[in-house]
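# Structural description and commentary
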Amino acid sequence: MPRLQADADPHLWVPVTDSIGFRGRRHRKAAIRMLLTQASATAGSTARPASGFAAWAISQAAPMLMKKAAGRVLVWVWKADAELVVAMAQVQEATPQLRTARAMMPMEYDDTENFRNAYLGVGEKLVVPLPGDGKTPPFATYTWDTGTHIITVTAVCGDRERFGTVIGSIDDLARTLRTVDDVAVGESPTVLRIDPS
């Protein structure tokens, strides 16, 4: 399975993927609180801030889960305001079930435009700044189909009015995404193999 890499601007984004323990804890917790609040509103509950304890508990488990994903999932939050934007990149094997699920998405998801990435080629970009139901937060998705894998970046914004101010930076982040494959080297007496440190 290929792994993902990206060059997120450290002045704009805080990586959640490698933020174990106290490192990035405040940003991680705020982003999770924003996502829980949005999920609660989307599910039909009265919009209210998510539980601080729930956000804390998930924020403690999230880095370990992402580390276990071994580079298949990368997550960043907006540095200036972690509750404003959360961006997640992931790579999945292009199984028939995944292709079927993508084909059955609502018609609004067909309103895409071409999006070029120097590493992954031309993909699709979907921007929904004002979702029709009023409960769904603004979001943008970027998708590339490599034939064997589906690579996506999904960014969710917690503020409809400020979504337009960050979409350019989300584009820049998506343009740096790339895959890295492990190359198997055949064992041979003439080849010196050095394990990564």
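Below: a short report on this structure.

About the criteria used
Residues numbered from 1 in each chain as written. Predicted model: local features only at pLDDT ≥ 70, side-chain atom pairs only at ≥ 80, totals over all residues. Heavy atoms only, no water. Phe/Tyr/Trp six-rings, centres within 6.5 Å; stacked < 30°, edge-to-face > 60°. Helix = DSSP H or I, 4+ residues; strand = E, 2+ residues; numbered from the N terminus. Buried < 20%, exposed > 50% of the residue type's maximum accessible area, 1.4 Å probe, protein only. Lys NZ or Arg CZ within 6 Å of the ring centre and 35° of its normal. Contact = heavy atoms within 4.5 Å. Pairing = 2+ DSSP bridges. Patch = residues over 30% accessible without salt bridge, like charges linked within 9 Å, V, L, I, M, F, W, Y side chains within 5 Å. Areas by Shrake-Rupley, 256 points an atom, 1.4 Å probe, with all protein chains shown as cover. Salt bridge = Lys/Arg side-chain N within 4 Å of Asp/Glu carboxyl O. Lys, Arg positive; Asp, Glu negative; His and termini not counted. Charge placed at Lys NZ, Arg CZ, Asp CG, Glu CD. 1 Å grid on protein atoms, 1.4 Å probe; cavity = no way out; pocket = protein on both sides within 12 Å on 5 of 7 lines; lining within 4 Å. Points joined across faces, edges and corners; volume = space filled by probe spheres on them. Nonpolar A, V, L, I, M, F, W, Y, C, P; charged D, E, K, R; others polar.

## A short note on the packing of aromatic side chains
This structure, assessed with the given rule, holds three aromatic pairs. Arranged with centres 4.9 Å apart and planes meeting at 65°, the rings of Phe115 and Tyr142 form a pair that is edge-to-face. Pair noted here: Phe115 is in strand E5 (residues 113-117) and Tyr142 is in strand E7 (residues 139-145), with a separation of 27 residues, a long-range link. In this structure, Phe115 and Tyr142 share a single accessibility class: buried. Put simply, the rings of Phe115, Tyr142 and Trp144 pair up and form one aromatic cluster. The ring of Tyr119 has Arg178 sitting right over it, with the charged end atom 5.2 Å from the ring centre.

## Topic: the side chain of Thr141
Within the fold, Thr141 resides in strand E7. With a relative accessible area of 16%, Thr141 lands in the buried category.

## Section: the side chain of Asp171
Tracing the backbone through its elements, the reader meets Asp171 in helix H4 (residues 163-175). For Asp171, a relative accessible area of 11% translates into the label buried. Residues contacting Asp171, with those up to four places away along its chain left out, are Phe115, Lys125 and Tyr142.

## Considering the pairing of E7
The buried fraction of E7 is high, at six of seven residues. Sheet analysis places strand E6 (residues 121-128) next to E7, joined by five bridges and oriented antiparallel. Of the residues in E7, the one forming a bridge with Leu126 is Thr141. Where E7 meets strand E8 (residues 149-157), seven bridges bridge the pair, whose relative direction is antiparallel. By the bridge assignment for E8, Thr141 is matched with Thr154. Between the end of E7 and the start of E8, which pair antiparallel, lie three residues, with Gly147 showing a positive phi angle near 100°.

## Focus: a negative patch on the surface
Together, Glu108, Asp110, Asp111, Glu113 and Glu124 line one region of the surface with negative charge. The residue Asp111 is located in the loop between helix H3 (96-103) and E5 in this model.

## Let's talk about the layout of surface pockets
Taken as a whole, the largest pocket spans an internal volume of roughly 430 Å³. For the largest pocket, the lining is made up of 23 residues, of which Arg102, Met105, Tyr109, Thr141 and Thr143 are closest to its centre. Elements that contribute at least two residues to the lining of the largest pocket include exactly strand E4 (85-93), H3, E6, E7 and E8. Grouping the amino acids of the lining of the largest pocket by side-chain chemistry returns 11 nonpolar, eight polar and four charged.

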